[in-house]
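# A look at the structure
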Amino acid sequence: MTVAASELTQMMKTLTEEDYSSVIKYVEFLVSSRKKNTKATIRQIQEMFTDNKGWISEEEMLSDMAAFRRSRLA
């Protein structure tokens, strides 16, 4: 087993059912993004959060996320 798989296995032991749901949504996001289905990926990200920003494009989403990170670091 690789180091990453071993680490993941250890982390999975501590998760709750709600955590599993979040993990599954995130993995689905990764799979979708690898398929280059940007609009569907953005919709999936928006569904993960209660505050739906309604991003029109991936660039707008990334810009909004970067602004949020900057505000948290300030």
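A quick note: this is a predicted structure, and the numbers were derived from the prediction, not measured. (Residues numbered from 1 in each chain as written. Predicted model: local features only at pLDDT ≥ 70, side-chain atom pairs only at ≥ 80, totals over all residues. Heavy atoms only, no water.)

### Topic: the overall build of the protein
Of the regular secondary structure elements, the protein holds four helices and zero strands. Shown N-terminal to C-terminal, the secondary structure of the protein runs as helices and strands in the order α-α-α-α. As displayed, the protein has an accessible area near 6400 Å², and 57% of this comes from carbon and sulfur atoms. (Helix = DSSP H or I, 4+ residues; strand = E, 2+ residues; numbered from the N terminus. Areas by Shrake-Rupley, 256 points an atom, 1.4 Å probe, with all protein chains shown as cover.)

### So, the nonpolar core
Of all hydrophobic cores here, the largest spans five residues; its members are Phe 29, Ile 42, Ile 45, Trp 55 and Met 61. In this view, Ile 42 contacts Trp 55, Ser 57, Glu 58 and Met 61; residues no more than four positions away in its chain are not counted. (Core = buried A, V, L, I, M, F, W, Y, C linked by side-chain atoms within 4.5 Å. Buried < 20%, exposed > 50% of the residue type's maximum accessible area, 1.4 Å probe, protein only. Contact = heavy atoms within 4.5 Å.)

### Thoughts on the confidence of the model for the protein
Caution applies to low-pLDDT regions: their predicted coordinates should not be interpreted in detail. The predicted model of the protein has a mean per-residue pLDDT of 78, with 82% of residues at 70 or higher. Taking the mean pLDDT of every element in the protein, the minimum, 71, falls on helix 3 (residues 38-48) and the maximum, 85, on helix 1 (residues 3-12). (pLDDT = per-residue confidence, 0-100.)

### Description of a nonpolar patch on the surface
Side chains of Val 23, Val 27 and Val 31 sit close together on the surface and give an oily, nonpolar patch of about 210 Å² of accessible area. Judged by its relative accessible area of 43%, Val 27 is partly exposed. (Patch = residues over 30% accessible without salt bridge, like charges linked within 9 Å, V, L, I, M, F, W, Y side chains within 5 Å. Salt bridge = Lys/Arg side-chain N within 4 Å of Asp/Glu carboxyl O.)

### Some points on the environment of Tyr 26
Take Tyr 26: it is sitting in helix 2 (residues 17-34). For Tyr 26, a relative accessible area of 45% puts it in the partly exposed group. In this structure, the C-alpha to C-alpha distance between Tyr 26 and Met 48, residues 22 residues apart in sequence, is 8.6 Å.

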